[in-house]
Amino acid sequence: MLVLAVDTSTPFVTAGVCRLVPGDRVPQVDALATRVTEDARAHAELLTPHILECLTAAGLTPRELDAVVVGIGPGPFTGLRVGMATAAAFADAISRPVHGVCSLDGLAATARAAGATGDLVVVTDARRREAYHARFSADGARTSGPMVGPAAGIDADGVDHLVGDPVRLGEVTAAGHAAAGILEAVTAPDPAGLVTVAASDLLAGTAPAPLEPLYLRRPDAFPPRRAAPSTALRGVRR
């Protein structure tokens, strides 16, 4: 099975094509082509070119893909909707299913593939000096989160590894939480990690749920509300 995976929940613009096959015990995911650029202001400009570059590098046409996987956050509103809208449009254009997965789950799977063991906490930047975070047990199950709040308030006591945004991880450790190790090379979910999260549904042919973004908090801007007429204008036609 050939799967396109994209994520824009972090400052990284991530796209990749992976081959997914059933394994003896767990599904096997191999990345055929990956493009990742760190630029929080260029999700819209870079994502589609990254997708096309991956297809070219893998020697594939869009219609040879079997499915699309996209990280649904949590993440900042503007960046997150770029990835989700692009993935939905691309899947619709080639008549393929699109599966949404929690980006923090994808980051945890990426960390496991990079050698993280035991209990794991993953952290990404939520801006406003806050972080999105989740905790995972040694067997890979998410035991808390996703949540958003000050990084210094994240409970990382007793975990074996911390993974994610370097600045926010620094705030976690500065607050006195100790961890056995920080995987500095893993800062965002990669395509193989995203596909790994969706692997069982993809191989089973499960119909995907509608894409719903995980924003976790209200947007900064709201449509203006119509103000009530001034009492000084009573009796005056408007």
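Let us look at the structure shown here. For every chain, the first residue of its written sequence is number 1, and the numbers climb from 1 along that sequence. It should be noted that, the model being predicted, local features are given only for residues of pLDDT at least 70 and side-chain atom pairs only at 80 or more, the latter also being counted only at that level, while totals for whole chains, interfaces and linings use all residues. The basis for every side-chain value is the complete set of heavy atoms in the structure, and neither hydrogens nor water enter the calculation.

With that settled, consider the overall build of the protein chain. What the protein chain contains, in helices and strands, is 5 helices and 10 strands. Throughout, exposure labels follow a simple rule: accessible area from a 1.4 Å probe, protein chains only, divided by the maximum for the residue type, with under 20% read as buried, over 50% as exposed, and the rest as partly exposed. Sorting the 238 residues of the protein chain into buried and exposed places 44% on the buried side. Contacts spanning at least 24 positions in sequence make up 61% of the contacts within the protein chain whose residues lie at least 6 apart. Areas reported here follow the Shrake-Rupley algorithm with a probe of radius 1.4 Å; residue values treat only the protein chains shown as occluding. On the protein chain, roughly 12100 Å² of surface is accessible, and the fraction owed to carbon and sulfur atoms is 53%. Secondary structure is summarised from DSSP: a helix means a run of H or I of at least four residues, a strand means a run of E of at least two, and numbering begins at the N terminus for each. Should any heavy atoms of two residues lie within 4.5 Å, those residues are considered in contact.

In this section: the environment of cysteine 102. Mapped onto the secondary structure, cysteine 102 falls in the loop between β5 (98–101) and α3 (103–113). It is 5.5 Å that separates the C-alpha atoms of cysteine 102 and isoleucine 72, two residues lying 30 residues apart in sequence. Residues in contact with cysteine 102, not counting those within four places in the same chain, are Ile72, Gly73, Pro74, Arg142, Pro146 and Leu214.

Glancing now at the pairing of β5. Two strands make a pair as long as DSSP finds a minimum of two bridges between them. Direction of pairing for strand β4 (residues 67–71) relative to β5: parallel, over a ladder of 4 bridges. Counted as the bridge partner of glycine 71 is valine 101 from β5. Here is how to tell: hold the view so the strands point away, follow the path from the first strand over the helix to the second, and if it runs clockwise the crossover is right-handed. Crossover β4 to β5 through helix α2 (residues 77–93) is right-handed.

This paragraph deals with the sheet that holds strand β7 (residues 130–136). Taken together, 5 strands build an open sheet; the order of strands is β8-β7-β6-β9-β10 and the sheet is mixed. This sheet does not close on itself; its edge strands, each paired only once, are β8 (142–150) and β10 (181–182). With 4 bridges joining them, strand β6 (residues 120–127) and strand β9 (residues 161–164) adopt parallel strand pairing. Bridge pairing in β9 links valine 121 to leucine 162. α3 contacts β6, β7, β8 and β9 of the sheet and is inclined by roughly 135° relative to β6. Note on definitions: angles span 0 to 180 degrees between N-to-C directions of axes, and those axes are lines fitted to C-alpha atoms, for helices only across the stretch in contact. Those strands touched by helix α4 (residues 166–174) are β6, β7, β9 and β10, and its axis lies near 145° from that of β9.

Looking now at the packing of α3 against helix α5 (residues 191–204). As a packed pair, α3 and α5 sit with axes 7 Å apart at the nearest point and diverge in direction by 110°. One finds that α3 runs roughly perpendicular with respect to α5. Contact residues: α3 offers Asp105, Gly106, Ala109 and Thr110, while α5 offers Gly193, Leu194, Thr196 and Val197. Under the scheme applied, nonpolar residues are Ala, Val, Leu, Ile, Met, Phe, Trp, Tyr, Cys and Pro; charged residues are Asp, Glu, Lys and Arg; polar residues are all the others, including Gly. Considered class by class, the residues forming the contact of α3 with α5 number 3 nonpolar, 4 polar and 1 charged. When an angle is under 35 degrees it counts as roughly parallel; over 145 it counts as roughly antiparallel; between 65 and 115 it counts as roughly perpendicular; any other value is oblique.

This brings us to the side chain of histidine 161. Mapped onto the elements of the fold, histidine 161 is located in strand β9. The class of histidine 161 is buried, set by a relative accessible area of 13%. Within the structure, histidine 161 has its side chain in polar contact with the backbone oxygen of threonine 117 (distance 3.1 Å). With near-sequence residues (within four places) excluded, histidine 161 lies in contact with Gly115, Ala116, Thr117, Asp119, Leu120, Val121, Gly181 and Leu183. For the purposes of these results, a polar contact is taken to be a pair of N or O atoms within 3.5 Å, where, inside protein, one atom must be able to donate a hydrogen and its partner to accept one; residues adjacent in sequence count only when each atom of the pair is a side-chain atom.

Glancing now at the sheet that holds strand β2 (residues 12–21). Spatial ordering of the open sheet is given by β3-β2-β1-β4-β5, a layout of 5 strands whose pairing is mixed. Looking along the sheet, the strands with just one partner apiece sit at the ends: β3 (28–38) and β5. Going across the sheet, the axis of each strand differs from the next one's by a mean of 20°, ignoring polarity. Pairing of β2 with β3 involves 10 bridges; the strand directions are antiparallel. For threonine 14, the partnering residue across the bridge sits in β3 and is valine 36. Against the sheet, helix α1 (residues 43–58) engages β1 (2–7), β2 and β3, with an angle of about 30° to β2. Against the sheet, α2 touches β1, β4 and β5, its axis set at about 170° to β4.

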